Amino acid sequence: MYFTDRGIEELESRRGDEEVTFEWLSERLREFVDLNPEFEIPVERLATWLARLDDEDEE
């Protein structure tokens, strides 16, 4: 189990029944980076990974 699993599990348990748009998620990620600029690169990598999930060339 990774350390991040605890946060992911908390997210799922607290907000797992909600539906969100990618627009909403994008805004939350921007807010997070504004408050925590040291996480700019990991957030950018996560956003890029999510954006390209269906790209067959990226596998």
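Small disclaimer: the values here were computed from a predicted structure and weren't measured.

Engineer: So what exactly am I meant to see when it comes to the packing of aromatic side chains here?
Structural biologist: Aromatic rings considered in pairs are described by the distance between their centres and by the relative angle of their planes. Taken as a whole, this structure holds one aromatic pair when the rule is applied. Both rings, one in Phe-32 and one in Phe-39, keep their centres 5.7 Å apart while their planes meet at 40°; by these two values the pair is tilted.

Engineer: Could you clarify how one ought to interpret the environment of Glu-27 in this entry?
Structural biologist: Positionally, Glu-27 belongs in helix H2 (residues 22–35). Looking at Glu-27, the relative accessible area reads 36%, which means it is partly exposed.

Engineer: I tried to follow a nonpolar patch on the surface on my own but got confused; where do I start?
Structural biologist: Taken together, the side chains of Leu-46, Trp-49, Leu-50 and Leu-53 make up a nonpolar region of the molecular surface, amounting to roughly 380 Å² of accessible area. Considering the arrangement of structural elements, one finds Leu-50 in helix H3 (residues 40–51). For Leu-50, a relative accessible area of 31% puts it in the partly exposed group.

How each quantity is defined
- Residues numbered from 1 in each chain as written.
- Predicted model: local features only at pLDDT ≥ 70, side-chain atom pairs only at ≥ 80, totals over all residues.
- Heavy atoms only, no water.
- Phe/Tyr/Trp six-rings, centres within 6.5 Å; stacked < 30°, edge-to-face > 60°.
- Helix = DSSP H or I, 4+ residues; strand = E, 2+ residues; numbered from the N terminus.
- Buried < 20%, exposed > 50% of the residue type's maximum accessible area, 1.4 Å probe, protein only.
- Patch = residues over 30% accessible without salt bridge, like charges linked within 9 Å, V, L, I, M, F, W, Y side chains within 5 Å.
- Areas by Shrake-Rupley, 256 points an atom, 1.4 Å probe, with all protein chains shown as cover.
- Salt bridge = Lys/Arg side-chain N within 4 Å of Asp/Glu carboxyl O.

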